[in-house]
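Summary of the model geometry
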Amino acid sequence: MRRAAVALVAVALGGVLLGLAWLWLAPRVPLVGRINDHTWVVYLKDSEGEQAVGVDGTFTLLGLAFGAVSAVAVFLAWRRGGVASAVALCLGGLLGSLLAWRLGVWLGPQQDVVAHARAVGEGVTFPAPLELGAKGALLAWPGAALVVHLALTALFVPREPEPPGQHPHPHDGPPAA
């Protein structure tokens, strides 16, 4: 249980790195502010832009990569599978994803877009706040970690021998009455 707790905390703290990578790599969604009837209105500069989808996609791809790396790291540290490692990877990945998401939003562009538009001036382009529109992206890290860990366990961990008499061999004939 101690190893599982250490793995869970270490994987979750990897969320700081994911959040910083997401902040650095995610495309910026350009906004522009205008005064309309003495009221500030904020618009997308390019209404057909795909930057918002790119923000979600970047988070998802980074989550998949972090999941694979964390699964390999936990497997190499323990050299075996088990429920404890799977739970640690799943919960740690989910907590890491949540931490990354909140950290990216917190460190990203200002959340109050009207105040930001006033500060930069009318007609000046500025970045939208970093947002995660597809909340399912939070499951990319734990999902990838579980799949990779399962594959490593299946490939490299020897199976435990089955006790004799558990499963008769199909060529042994019918079971004795």
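Please refer to the structure higher up on the page.
Computed from a predicted model, the values in this text were never measured in an experiment.

**Topic: the overall build of the chain**
Broken down by element type, the chain carries five helices and three strands. Tracing the chain from N to C terminus, the helices and strands come up as α-β-β-α-α-α-β-α. At 24 Å, the chain has a C-alpha radius of gyration far larger than the 16 Å of a compact globule built from 177 residues. With the principal axes as the frame, the chain shows a C-alpha extent of 90 × 35 × 25 Å. Across the chain, contacts joining residues at least 24 apart in sequence account for 79% of those joining residues at least 6 apart. In the structure as shown, the chain presents an accessible area of about 11100 Å², 66% of it carried by carbon and sulfur atoms. Distance between charge centroids for the chain: 12 Å, based on 11 positive and 11 negative side chains.

**Describing the sheet that holds strand β3 (residues 125-127)**
An order of β2-β1-β3 is seen for the three strands of this open sheet, with the pairing classed as antiparallel. Sheet topology places β2 (39-44) and β3 at the edges, where each strand pairs with a single neighbour. Averaged over all adjacent pairs, the angle separating strand axes in this sheet is 40°, with direction ignored. Relative to β2, strand β1 (residues 30-36) runs antiparallel, the two being bridged by six bridges. Bridge pairing in β2 places arginine 34 opposite valine 41. Against the sheet, helix α4 (residues 113-120) touches β1, β2 and β3, its axis set at about 100° to β2.

**What about the nonpolar core?**
Among the nonpolar cores identified, the biggest contains 31 residues, and Trp22, Phe59, Trp101 and Leu132 are the most heavily contacted of them. Of all elements in the fold, only α1 (2-25), α2 (51-78), α3 (83-107) and α5 (140-156) reach the threshold of two or more residues within this core. Per element, the largest residue contribution to this core is seven residues, and it comes from α1. Once residues lying within four places of it in the same chain are set aside, the contact partners of tryptophan 22 are Val55, Thr58, Phe59, Leu62, Ala100, Trp101, Gly104, Val105, Leu130, Glu131 and Leu132.

**Re α5**
The terminal C-alpha atoms of α5, which comprises 17 residues, lie 24 Å apart, in line with the 24 Å expected from a rise of 1.5 Å per residue. Buried residues of α5: Ala140, Trp141, Pro142, Ala144, Ala145, His149, Leu152 and Thr153, and no others. Structurally, α5 contributes buried residues whose contacts are with α1, α2 and α3.

**Thoughts on the packing of α1 against α3**
Put simply, α1 and α3 touch, their axes get as near as 6 Å, and they point 30° apart. In terms of orientation, α1 lies roughly parallel with respect to α3. The way α1 lies across α3 gives a crossing that is right-handed.

**Structural notes on the environment of leucine 99**
On the secondary structure map, leucine 99 appears in helix α3. Along the sequence, leucine 99 and glycine 14 sit 85 residues apart, while their C-alpha atoms lie 8.9 Å from each other. The contact partners of leucine 99, leaving out residues within four places of it in the chain, are Ala12, Gly15 and Val16.

Reading the values: rules and limits
Residues numbered from 1 in each chain as written. Predicted model: local features only at pLDDT ≥ 70, side-chain atom pairs only at ≥ 80, totals over all residues. Heavy atoms only, no water. Helix = DSSP H or I, 4+ residues; strand = E, 2+ residues; numbered from the N terminus. Rg over C-alpha atoms; globule rule 2.2 N^0.38 Å. Contact = heavy atoms within 4.5 Å. Areas by Shrake-Rupley, 256 points an atom, 1.4 Å probe, with all protein chains shown as cover. Lys, Arg positive; Asp, Glu negative; His and termini not counted. Charge placed at Lys NZ, Arg CZ, Asp CG, Glu CD. Pairing = 2+ DSSP bridges. Axes fitted to C-alpha atoms, helices over the stretch in contact; angles between N-to-C directions. Core = buried A, V, L, I, M, F, W, Y, C linked by side-chain atoms within 4.5 Å. Buried < 20%, exposed > 50% of the residue type's maximum accessible area, 1.4 Å probe, protein only. Expected span 1.5 Å × (residues − 1). Parallel < 35°, antiparallel > 145°, perpendicular 65-115°, else oblique. Left-handed = near helix turned anticlockwise from the far one by under 90°.

None of this, on its own, says anything about what the molecule does.
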